[in-house]
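So the chains spell out like this:
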Amino acid sequence: MNYNTSLEPIVLKEYGRNVQMLVEYLKTVKDKEKRTEQAHALVDLMRQIAPSVKETTETNQKLWDDLYIMAGLEIELDGPYPKPEEEMINKKPQRMGYSTNHIRYKHYGKNIELLIKEAIKKEDPQEKEEAIIYIGKLMKSFYGSWNKEVIDDAVILENIQTISGGKLDIDLSKVREDNLFEKLYKAKTRKSYEDRERESNSRSGGGRGRNNRKGGGSSRRRRN
């Protein structure tokens, strides 16, 4: 009995050992035309083993490249694609650099800083105030998702001033009095709850009205 530990390692594990053995057999076929014909059949088998592979030019070339790779590039075929170069196969990917974007408050994210930059550009005071209020709502929501705690409006406003370099400001007493920085998702939840209550009351009232009408109709039929 042959154990996997005593066999040659599989080059591409996604195709399994049987395909690897067929590739090794293919290398022993001396007639190039027959070898190429059998290579086409083997590529079709590889496509069935990997059903996620779609019928496109790139994926078809990948299957042929994989066949060459499993053969150690030691096979000559009249295939539809040239044999891949050894330098390209063994080429190491380029090292990816770390992100250099500095985010002052990570719990708000980069998009908040971008929104603040756009708000600074606004010239109309009303539009700028509306932008500050919207950004404050977002920041309060994001902070709650990050820390599961309630943050004071004064801290939100201070963070807006810091990120904007003091170019965005709003009266804190007005924010607190009108609850301008209330979380966005809380407002939506409250609204949907009120809508459900109104719908429930409407259905209940409509049901009683229909029953009364039915009852009235029955009494009239009895009188008649």
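S.K.: Any details on the packing of helix α1 (residues 16-28) against helix α2 (residues 32-49)? Residues and values, ideally.
M.R.: Running from N to C, α1 and α2 point in directions that differ by 170°, and their axes come no closer than 11 Å. With respect to α2, the element α1 is oriented roughly antiparallel. Of α2, the residues touching α1 (which contributes Val 19, Leu 22, Val 23, Tyr 25 and Leu 26) are Arg 35, Gln 38, Ala 39, Leu 42, Leu 45, Met 46 and Ile 49. Among the residues forming the contact of α1 with α2, the class breakdown is 10 nonpolar, 1 polar and 1 charged.

S.K.: Give a description of the packing of aromatic side chains that names residues and reports values.
M.R.: Per the counting criterion, the structure on display carries 1 aromatic pair. Ring centres of Tyr 105 and Tyr 108 lie 5.7 Å apart, and the angle between their planes is 65°; on these two criteria the pair is classed as edge-to-face. Tyr 108 shares its class with Tyr 105; the two are buried.

S.K.: Explain the environment of Leu 63 residue by residue, including any values.
M.R.: Among the structural elements, Leu 63 can be located in helix α3 (residues 57-70). Note on Leu 63: relative accessible area 1%, which makes it buried. Taking the C-alpha atoms as reference points, Leu 63 and Arg 47, separated by 16 residues in sequence, lie 7.4 Å from one another.

The rules behind these values
Numbering of residues starts from 1 in every chain and runs along the sequence as written. At least 70 in pLDDT is required for a residue's local features to be given in this predicted model, at least 80 for side-chain atom pairs to be given and counted, and no such filter applies to totals for whole chains, interfaces and linings, which use all residues. Side-chain calculation: all heavy atoms of the structure are included, whereas hydrogens and water are not. Here the axes come from fitting lines to C-alpha atoms, over the contacting stretch only for helices, and the angles between their N-to-C directions go from 0 to 180 degrees. Numbered from the N terminus, helices here are DSSP runs of H or I no shorter than four residues, and strands are runs of E no shorter than two. Should an angle fall under 35 degrees it is taken as roughly parallel, and over 145 as roughly antiparallel, whereas 65 to 115 is taken as roughly perpendicular and any remaining angle as oblique. Working rule for contacts: check all heavy atoms of both residues, and any pair within 4.5 Å makes them a contact. Amino acids outside the nonpolar list (Ala, Val, Leu, Ile, Met, Phe, Trp, Tyr, Cys, Pro) and the charged list (Asp, Glu, Lys, Arg) are all regarded as polar, and Gly is one of them. Two rings belonging to Phe, Tyr or Trp (six-membered ring only in the last case) form a pair when the distance between their centres is within 6.5 Å. Interplanar angles under 30 degrees mark stacking, angles over 60 mark edge-to-face geometry, and anything in between is tilted. Each residue is assigned to one of three classes by its accessible area relative to the maximum for its type, calculated with a 1.4 Å probe on protein chains only: buried under 20%, partly exposed between the two thresholds, exposed over 50%.

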